[in-house]
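# Descriptive analysis of the structure
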Amino acid sequence: MQRWSEGPSGLVFGSDYNPEQWPAEVRADDVRLMREAGVNLVSVGIFSWGLLEPEPDRFDFDWFDDVLDDLHAGGIGVSLATATASPPAWLTQQHPEVLPVDADGRRVTFGSRQSWCPSSPVYRERSLKLVRALAERYGEHPALRLWHVSNELGCHNARCYCAVSATAFRGWLATRYADVAALNAAWATAFWSQHYTSLEQVQVPAHTSSFHNPAQALDFARFCSDELLGQHLAEKEVLRAITPDVPVTTNFMVGSQLNPLDYGRWAREQDVVSNDHYLIHGAYDDPRGELAYAADLTRGAASGNPWLLMEHSTSAVNWQPVNVAKAAGEMLQDSLSHVARGADGICFFQWRQSAGGAEQWHSALVPHAGEDSERFREVVELGAVLGRLGELRDSTVTNDVAILVDWQNAWAMESPTLPSQRVGHADLALRVHGLLRAAHTGADVVPVTAHPDDLAAVLSGYRVLVVPTLYLCDDTTAAAVTAAAESGTHVLVTYFSGIVDASVRVRLGGYPGAFRDLLGVRVEEFHPLSDGVAGELDDGTVGDVWAEIASAHDDTEVLVRYADGAAAGCPALTRRDLPSGAHAWYLGTSLDDEALAGLLRTVCTAAGVTPVAEASGPVDVVRRSSADGSWLFALNHGEEDATVVVRGFDLVGEVEVDGLELEPGQSAVVREV
Ligand code: GLA
Ligand code: GLA
């Protein structure tokens, strides 16, 4: 298969390119400026269906031929979209049933984008016709580097509740369960009179009088992820048949909130994993910490392989309450943060800022002000820096610590009927990652579903494994965590983990059922804490969010106990020493940042984990390495100076360094000697 990063050597640099918004004359300028900036890959056609097929089966490719030819003449490669993201008006006019329906039974109308039901056979047929036509026309085009299937599948249409979806859901259930009796057992339908006598009675979990059956809701979430993956695979199959050598991707939306698609599962179907990431101001104390986490999770989904950042923003977006613009240097540093964590390409939405349309206030490489702007000058500078980083292409990141995450667990935790709405899997994983990062310790974020066959082996490769609030834990995952510990991996499990199985059935006999033996702890009752009701622990720290009536086995050391409240005297932090030499730690409550950082430091020290580099101050340090050498990324994202012990050649500043002193906002990428 050809390389997706083929073309000008080095890393990919580019953007979405939507030239149909502009008169054709603008294109010459676009290509000139792309060359000036060092752009070498653009995604075209993402939202072009309406213009490429203005009427059913009448394709208008002439204008698109010119776009591809001009790009190629300019030496710019193309990530060619299958253009199926947004069906044209004629399709939904002729077949209104293609439009998705929300949980309240409202059908969306045409006038935005991605308005299609993932289970619609009409949409599937029409979209594949378009994919075939594009592949036949452009499969041999010399600019073609990569197929870009659809766009952010599921961004707006992840869960559709229409009648067609309900039928498809029943079909999915029929393959999952041997018969309706098996479904009844898995869903515990004996409760609340939900017993089914035929699969035909099963509905999608749309608007109901009260709570949904949690197993039904989880199966629906699984089904929805699978339905969209089915669309991806159907498009991929058409492409593969016509262009077997051209790699295929679809851009993910990996962020810290594990969204409706199980990207651990999806990543296994990608020739290259690509991701879109936007800083979310307001929702996070440290939006750039969230970026770092998302990038590490993207690499985790990609099983450690290099990946492609398909979209981020040069400056502000247009979909937050206040769209914060990037200060000078932030675009470069954000880009380097992705490269540090395994991205072999940095792309943006979009090339030229729209004059009209829904995204006219979203930043771009060429802003409204035009090329005579600080923003475009920074783009040119970014291109130059990325050009110098080409030598680290294909290098990888190796860390001693893993944080285990699972989309299915996140979906199970969407339930409104848990013991507490203050517990969360994704938030805790992000917090642990941030504290490790602040301690200059690298962490991989490993999704369970990225490793259906080798999870135990993968986890056993780490010195430390953190399992943050893994409420739902299937048998395979439980066995893999245990096997890792038994082979010498130090494991830290936090409260409300290992509680239910893959069907959301409680593992009986005392919590945390899946990890009771490994941890040597047995919990009889949860006592979740209301906001503002944190309790004292007997080491002087404070336990928040969670407390529980628990006891430890004889071979388990109780390190900290609850000092007040219903759980007073019960273990809050325990450690069991395993024959492998590893420790199995259990944290039964939520600690503040200082105490949790201290615990992580203790766990890492006991396991022999060392920082990525000796450093002080608010600096991210990440190392990529290959047979050819190693490169240390040092990104000062804070407001104080930082120092890093490293020797070599800084490819950003183009200078030999022996120790770094970085001002706020300053970054270095050192080829180490
Ligand atoms: C009500 C219902 C019960 C049960 C409880 C739970 O009282 O009648 O079936 O759901 O709430 O609090
Ligand atoms: C997503 C989409 C793009 C664009 C950006 C804006 O990532 O894929 O088309 O809408 O959001 O941030």
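Please refer to the structure higher up on the page.
Throughout what follows, the structure given in this document is the object of discussion.

One can find Asp538 in the loop between strand S16 (535-536) and strand S17 (542-543). Between the C-alpha atom of Asp538 and that of Gly14, which follows or precedes it by 524 residues, the distance is 55 Å. Discounting residues that sit within four places of it in the chain, Asp538 has contacts with Val560, Arg561 and Ala563.

On to the sheet that holds strand S12 (residues 443-447). The seven strands are arranged S12-S11-S13-S14-S21-S20-S19 in an open sheet whose pairing can be described as mixed. The open sheet has two free edges, formed respectively by S12 and strand S19 (556-561), since each of these has just one partner strand. Averaged over all pairs of adjacent strands, the angle between strand axes in this sheet comes to 20 degrees, irrespective of strand direction. Judged from the three bridges that link them, strand S11 (residues 401-405) and strand S13 (residues 464-467) form a sheet pairing that is parallel. Bridged to Val401 within S13 is Val464. Sheet strands in contact with helix H10 (residues 287-301) are S11 and S12, and its direction is about 55 degrees off that of S12. Across the sheet, helix H18 (residues 593-607) is in contact with S11, S13, strand S14 (490-494), strand S20 (571-577) and strand S21 (583-587); its angle to S21 comes to roughly 170 degrees.

This brings us to the nonpolar core. Residues Val44, Leu71, Trp187, Leu389, Leu404, Tyr471 and Phe496 are the most contacted members of the largest nonpolar core, which totals 190 residues. Those residues in contact with Phe496 that lie beyond four places of it in its chain are Met413, Leu418, Pro419, Val423, Thr469, Leu470, Tyr471, Phe526, Trp546 and Tyr586. Ranked by size, the runner-up nonpolar core spans 14 residues in total, among them Val619, Ala642, Val657 and Val670.

Contact pair H10 / helix H14 (residues 425-438): the axes reach a minimum separation of 10 Å and the direction vectors enclose 105 degrees. Regarding the angle of H10 to H14, the classification is roughly perpendicular. Taken together, the residues of H14 that come into contact with H10 (itself represented by Gly289, Glu290, Ala292, Tyr293 and Asp296) are Ala429, Leu430, His433 and Arg437. Residues that form the contact of H10 with H14 fall into these classes: four nonpolar, two polar and three charged.

Moving on to the pairing of strand S25 (residues 642-650). Sheet topology places strand S22 (residues 615-616) next to S25; two bridges connect them, and they run antiparallel. In the sheet register, Ala615 faces S25, and the bridge partner there is Val644. Relative to strand S26 (residues 655-662), S25 runs antiparallel, the two sharing seven bridges. Its bridge partner being in S26, Asp650 is matched across the sheet by Val655. As consecutive antiparallel partners, S25 and S26 are separated by four residues, and within that stretch Glu654 has a phi angle of approximately 55 degrees, a positive value. Sheet topology note: the S25/strand S27 (residues 667-672) ladder contains three bridges and is antiparallel. Paired with Phe649 across the two strands is Arg671, which belongs to S27.

Reading the values: the criteria
Residues numbered from 1 in each chain as written. Chains lettered and ligands numbered in written order. Predicted model: local features only at pLDDT ≥ 70, side-chain atom pairs only at ≥ 80, totals over all residues. Heavy atoms only, no water. Helix = DSSP H or I, 4+ residues; strand = E, 2+ residues; numbered from the N terminus. Contact = heavy atoms within 4.5 Å. Pairing = 2+ DSSP bridges. Axes fitted to C-alpha atoms, helices over the stretch in contact; angles between N-to-C directions. Core = buried A, V, L, I, M, F, W, Y, C linked by side-chain atoms within 4.5 Å. Buried < 20%, exposed > 50% of the residue type's maximum accessible area, 1.4 Å probe, protein only. Parallel < 35°, antiparallel > 145°, perpendicular 65-115°, else oblique. Nonpolar A, V, L, I, M, F, W, Y, C, P; charged D, E, K, R; others polar.

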